[in-house]
Amino acid sequence: MTALSAEPGQATSARRELPPSMVERMTLIIDAFDGRFTHLTLEDVARCTHLPRSTAHRILDQLVRLQWLEHTSSGYSLGKRALGLGGGDGSHGEIREAAAPLLHDLQMRTGMVVHLAVLDGPEVFYLDKVGGRFALAVPSRVGGRAPAHSTALGKAILAWLEPERVEELVHDRISRLTSRTIGDLGTLHQELHRIRRRQGLAFERGESFPAIACAAAAIRGQEGPVASISLVGDSQTPLENVAPLVVDAARQASLALFSCEDDQRGRSRQAARVQGRTWSTETMDRWLSMGGTDGWL
């Protein structure tokens, strides 16, 4: 009573300072999701930000509600607003949700870094990154971008586009990042043809960064590719040994997104349709195994 009555201005001042303090705390939490840590538990967030656990939990709930963060069984990760995807149709969120358990399974089985990306013009946009001990050496981050023609992720998607569309996207954006980067359209078309002959499996060795190698495959529906998944190792990694795992993960993600089965929470996934009929899981699986039936191949 005495303190409040003696210095009434202090309470008013404290109230004025509260909004900036909340913004600073929210910024601390979002900044915790850097290139090394893309999925964090509540305890991880409290430790990284030095915020009380109860405070961190309250702010995390608010950030999830406002779509700055997402909360799944694997923890918290950047949401649509933080990734610059606010106001979209929600398809990127569906892709991340469908792929999340597959990415974690790949990382646990291989110990390698796993990426999920979509094509955005001539670049790939990283939707997710699940890292192991090698994560710090991979200069990628969720929300970051890279030239599509220099990455396995990008080439895996470009391989399933019409050649004219590929040229429209990248014809004036082809540049060399390393001595191994594809530097012209003719060579790129040859590489995309090889990827299609391998049923969509794309490789990258030192094309973006000299010491990094990747294997990737696209997540596809009847209308074309929507994203891609990659496994990342150093330049000496025997990618051929793990390539079947990334192909299978992409196939499973395709089935989860485009089959007629409902997800575990009862919501229908987006379905691939032919002549007004939803594709069954078995039909989708056969189509993916055959590599599609695009007439221009």
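Residues numbered from 1 in each chain as written. Predicted model: local features only at pLDDT ≥ 70, side-chain atom pairs only at ≥ 80, totals over all residues. Heavy atoms only, no water.

Naming follows an unreviewed UniProt entry, where the protein chain appears as DNA-binding IclR family transcriptional regulator of Sphaerisporangium siamense.

## Re the environment of Met-22
Put simply, the rule is: Each helix corresponds to a stretch of at least 4 residues labelled H or I by DSSP, and each strand to a stretch of at least 2 residues labelled E; elements are numbered beginning at the N terminus. Only protein chains enter the accessibility calculation, which uses a 1.4 Å probe; a residue whose area is less than 20% of its type maximum is buried, one above 50% is exposed, and one in between is partly exposed. Contact between two residues is taken to exist if any of their heavy atoms lie within 4.5 Å; hydrogens are not considered.
Mapped onto the secondary structure, Met-22 falls in helix H2 (residues 8-31). Here Met-22 falls in the partly exposed class, since its relative accessible area comes to 21%. Other than its neighbours up to four places away in sequence, Met-22 contacts Ile-59 and Gln-62.

## Focus: the packing of helix H3 (residues 42-49) against helix H4 (residues 53-65)
Stated formally: For every element, the axis is a line fit to its C-alpha atoms; helices are fit only across the contacting stretch, and the angle between N-to-C directions ranges from 0 to 180 degrees. Here the angle decides the label: under 35 degrees means roughly parallel, over 145 means roughly antiparallel, 65 to 115 means roughly perpendicular, and every other value means oblique. Whether a crossing is left-handed or right-handed is set by the direction in which the near helix is turned from the far one by less than a right angle, anticlockwise for left-handed and clockwise for right-handed. Note that Gly is not counted as nonpolar here; it falls among the polar residues with everything else outside the nonpolar set of Ala, Val, Leu, Ile, Met, Phe, Trp, Tyr, Cys and Pro and the charged set of Asp, Glu, Lys and Arg.
The contact between H3 and H4 brings their axes to 9 Å, and the two run at 115 degrees. In terms of orientation, H3 lies roughly perpendicular with respect to H4. In the packing of H3 onto H4, the handedness of the crossing is right-handed. Of H4, the residues touching H3 (which contributes Leu-42, Glu-43, Val-45 and Ala-46) are Arg-53, Ala-56, His-57 and Leu-60. Its residues placed into classes, the contact of H3 with H4 shows five nonpolar, one polar and two charged.

## Some remarks on the sheet that holds strand S6 (residues 202-205)
What counts here: Any two strands between which DSSP finds at least two bridges are classified as paired.
The strand order across the open sheet built from six strands is S5-S4-S3-S8-S7-S6, with neighbouring strands paired in antiparallel fashion. Where the open sheet ends on each side, the last strands, each with one partner, are strand S5 (145-147) and S6. Each neighbouring strand pair of the sheet contributes to a mean axis angle of 30 degrees, computed without reference to strand direction. Relative to strand S7 (residues 212-221), S6 is paired through four bridges, and the arrangement is antiparallel. Within S7, the position partnered with Phe-203 by the bridge is Ala-215. Of the strands in this sheet, S6, S7 and strand S8 (224-234) touch helix H9 (residues 239-258), which is tilted by about 25 degrees from S7.

## With respect to helix H7 (residues 163-170)
Counted only if it meets this: Here the arc refers to the set of directions running from the helix axis out to each C-beta atom.
Among all positions in H7, only Val-166, Leu-169 and Val-170 are buried. Around the axis of H7, the buried residues are gathered within 75 degrees of arc, so they sit on the same side. For H7, the exposed residues lying more than 90 degrees away from the buried face are Glu-164 and Glu-168. Those residues of H7 that are buried are in contact with strand S3 (113-120), helix H6 (152-158) and helix H8 (185-197).

## What about the side chain of Lys-155?
Short version of the rule: Whenever two N or O atoms come within 3.5 Å, that pair is a polar contact, provided that in protein one can donate a hydrogen and the other can accept it, and provided that, for residues adjacent in sequence, both atoms are side-chain atoms.
Along the chain, Lys-155 turns up in helix H6. For Lys-155, a relative accessible area of 0% translates into the label buried. At a separation of 3.0 Å, a polar atom in the side chain of Lys-155 contacts the side chain of Glu-207. Among all residues touching Lys-155, those that are not within four sequence positions of it are Ala-148, His-149, Ile-182, Glu-191, Leu-192, Ile-195, Ala-202, Phe-203, Glu-204 and Glu-207.

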